[in-house]
Amino acid sequence: MASASSPAPVRVRFCPSPTGNPHVGLVRTALFNWAFARHHGGTLVFRIEDTDAARDSEQSYEQLLDSMRWLGFDWDEGPEVGGPHAPYRQSQRMDIYADVADKLLEAGHAYRCYCTAEELEERREAARKAGRPSGYDGQCRDLTAERIAAYEAEGRSSIVRFRMPDGPITFTDLVRGELTFTPENVTDYGIVRANGAPLYTLVNPVDDALMEITHVLRGEDLLSSTPRQIALYRALAEIGVGGGLVPAFGHLPYVMGEGNKKLSKRDPQSSLNLYRERGFLPEGLLNYLSLLGWSLSADQDVFSIEEMVAAFDIDGVNANPARFDLKKAEAINADHIRMLDVKAFIEACGPWLQAPHAPWAPERFDAAAFEELAPLAQTRLTVLSDITANVDFLFLAEPVTDEASWVKAMKPGADALLATARAKLAEAEWAAEPLKEAVLAAGEEHGLKLGKAQAPVRVAVTGRTVGLPLFESLEVLGRERTLARIDAALAKLAA
Ligand code: GLU
Ligand code: ZN
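Predicted model, so just to flag it, every value in this text is computed and none were measured. (Residues numbered from 1 in each chain as written. Chains lettered and ligands numbered in written order. Predicted model: local features only at pLDDT ≥ 70, side-chain atom pairs only at ≥ 80, totals over all residues. Heavy atoms only, no water.)

**Some details on the overall build of the protein chain**
Alright, step 1. Helix and strand counts for the protein chain stand at 20 helices and 11 strands.
Alright, step 2. Taking the principal axes of the C-alpha coordinates as reference, the protein chain spans close to 105 × 55 × 40 Å.
Alright, step 3. Of all 495 residues assigned to the protein chain, the portion counted as buried reaches 48%.
Alright, step 4. For the protein chain, the proportion of contacts with a sequence separation of at least 24, taken over those separated by at least 6, is 76%.
Alright, step 5. Of the side-chain charges in the protein chain, 52 are positive and 71 negative, and the distance between the mean point of each set is 5 Å. (Helix = DSSP H or I, 4+ residues; strand = E, 2+ residues; numbered from the N terminus. Buried < 20%, exposed > 50% of the residue type's maximum accessible area, 1.4 Å probe, protein only. Contact = heavy atoms within 4.5 Å. Lys, Arg positive; Asp, Glu negative; His and termini not counted. Charge placed at Lys NZ, Arg CZ, Asp CG, Glu CD.)

This is the structure we're talking about:
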């Protein structure tokens, strides 16, 4: 049995709203919560905050789940797995919120506010002009029964407002240390709309309380709502909603994008789908995202997800803003591609070797030829989608014609070199080493080093100036096709 002093088992939550495409900030939050839960042998609750019917969509919901699965996350409670606090979609919990709002009203922790939007704006403006704090001024805090009756008779609608306690709210942020918010800066706030729809401000803490969440790890953009939520948790505990716990909070640092501006959801760089479509490995992307506010050690940027889980704790999270660095993300992903065993690499390439990614006719694909070159490609890719351009010369009937590459490689004299190379290649034993000797010898006849001599051959055969090691490529392509392509290039040069 747990002793009274032993801490409650860790229960964290990931609770996105299904609006739009998942973005990297969301993934970082999911990752830190997941790693924290796994590190502590705790529970990850996945909750869908879909109470905003105007912005939430079923398609986004499906995409969220699909993204979480692709990233390799698992959750202990939530959609598709269920759990003791089901349902985990807030849109299916509306009765609960209505009931809690009633209880808060009854206990005096909330009240009806009849102010119209115009009245509120007018008073806010006046407060601003007078240099006073411009939050809600508490006008409806203590309305008399007569006043309320009069408002109702007028047909005014009302929202439900939470009554903030009078004193300051202090808490110890797990990332930033002790923080204090004074009442002037945290005024009474709406929790239920005039039409009865509960707001995020209510449903999020209510579910945290009911689901007995012990730690809230989320982005710094939500820090200003934390004192309000803490006051609400305390009120919920008082009226017996949930387990009476106020979770500990840790706010993850901002992620900065281009020009030192906060990375926004609208930034193309922040779209998870983009990374997926380019062929990031989930483990590469997660490795990179873990570095946005955390590090395994000063001298190790590349690690497995298991290593991260073993080492991850919230006290290692840094409060300073993190900079999103696409180049670094790519470099780390490239390392993860190299770390795959060849079989796994070949498998991971699968989708990029088929339509719609692959430009060749499916029947031209030759798995054995691909497997021969795969180990050479593996060390060169940044993202998996790069594989297509690296091997398309093998499976296209004609090589790609990249005009810039052609101009660069086919300088005057290229035709003579190509003709010599063709003659020597035709005589050579068809294996990488003798093929290299052949081109080297052709180069010598024309006073060219190997690098210069092989460029026209490469462009003739693959269409590009860069690619996999040339002679291995020729070996796999075969004598007949290699020579035919050189002939075609010679004809083009002669034309
Ligand atoms: N649904 C909220 C959001 O996506 C959750 C915020 C929180 O973690 O408390 O911003
Ligand atoms: Zn009011």
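Moving on, there is more to tell.
**So, the pairing of strand β2 (residues 43–46)**
Alright, step 1. Residues Thr43 and Val45 of β2 are buried on one face, and the alternating residues Leu44 and Phe46, pointing to the opposite face, are buried as well.
Alright, step 2. Direction of pairing for strand β1 (residues 11–14) relative to β2: parallel, over a ladder of 4 bridges. In the strand pairing of β2, phenylalanine 14 is matched with phenylalanine 46.
Alright, step 3. For the handedness criterion, the β-α-β arrangement of β1, helix α1 (residues 24–39) and β2 is classed as right-handed. (Pairing = 2+ DSSP bridges. Right-handed = clockwise from strand over helix to strand, strands pointing away.)

**Remarks on the sheet that holds strand β4 (residues 159–162)**
Alright, step 1. With respect to topology, 3 strands assemble into an open sheet ordered β3-β4-β7, the strand pairing being antiparallel. The open sheet is flanked by β3 (110–113) and β7 (189–192), the only strands paired with a single partner. Going across the sheet, the axis of each strand differs from the next one's by a mean of 45°, ignoring polarity.
Alright, step 2. Across 3 bridges, the pairing between β4 and β7 is antiparallel. In the sheet register, arginine 161 faces β7, and the bridge partner there is glycine 190. (Axes fitted to C-alpha atoms, helices over the stretch in contact; angles between N-to-C directions.)

**Topic: the UniProt feature "domain: Glutamyl/glutaminyl-tRNA synthetase class Ib catalytic" (unreviewed entry) in the protein chain**
Alright, step 1. The feature "domain: Glutamyl/glutaminyl-tRNA synthetase class Ib catalytic" (unreviewed entry), as annotated in UniProt, sits at residues 10–328 in this numbering.
Alright, step 2. The span residues 10–328 is 37% helical and 14% strand by assignment, and the distance between its end C-alpha atoms comes to 32 Å. (UniProt positions renumbered as here; feature names shortened; annotations may be inferred.)

**Comments concerning the pattern of salt bridges**
Alright, step 1. Applying the stated criterion across every chain, the model contains 33 salt bridges.
Alright, step 2. A salt bridge links aspartate 207 to arginine 47, with the shortest nitrogen-to-oxygen separation between them at 3.9 Å. Here aspartate 207, found in helix α6 (residues 200–210), pairs with arginine 47, found in the loop between β2 and α2 (58–71); they are 160 residues apart in sequence, far enough to count as distant. Both residues of the pair, aspartate 207 and arginine 47, count as buried.
Alright, step 3. Two residues, glutamate 58 and arginine 89, come together in a salt bridge whose shortest N-O distance is 3.1 Å. Linking glutamate 58 in helix α2 with arginine 89 in the loop between α2 and α3 (94–107), this pair joins segments that are 31 residues apart in sequence.
Alright, step 4. Within the structure, one salt-bridge network assembled from shared partners comprises Arg13, Arg47, Glu49, Arg93, Asp207 and Asp208. (Salt bridge = Lys/Arg side-chain N within 4 Å of Asp/Glu carboxyl O.)

**Re a negative patch on the surface**
Alright, step 1. On the surface, Asp366, Glu372, Glu429, Glu433, Glu437, Glu444, Glu472 and Glu475 cluster together into a negatively charged patch.
Alright, step 2. Elements supplying a minimum of two residues to the negative patch: α17 (432–445) and α19 (470–477).
Alright, step 3. Topologically, glutamate 429 is positioned in the loop between α16 (414–427) and α17.
Alright, step 4. With a relative accessible area of 60%, glutamate 429 lands in the exposed category. (Patch = residues over 30% accessible without salt bridge, like charges linked within 9 Å, V, L, I, M, F, W, Y side chains within 5 Å. Areas by Shrake-Rupley, 256 points an atom, 1.4 Å probe, with all protein chains shown as cover.)

**A look at the coordination of the zinc ion (ligand 2)**
Alright, step 1. In the first shell of the zinc ion (ligand 2), the protein supplies Cys113 (SG), Cys115 (SG), Tyr136 (OH) and Cys140 (SG), at 2.1 to 2.3 Å from the metal.
Alright, step 2. Spacing between the donor residues of the zinc ion (ligand 2) along their common chain follows C-x1-C-x20-Y-x3-C. Accessibility assignment for this pair places cysteine 113 and cysteine 115 in one class, buried. (Donors = N, O, S within 2.8 Å, 3.2 Å for Na, K, Ca; no water.)

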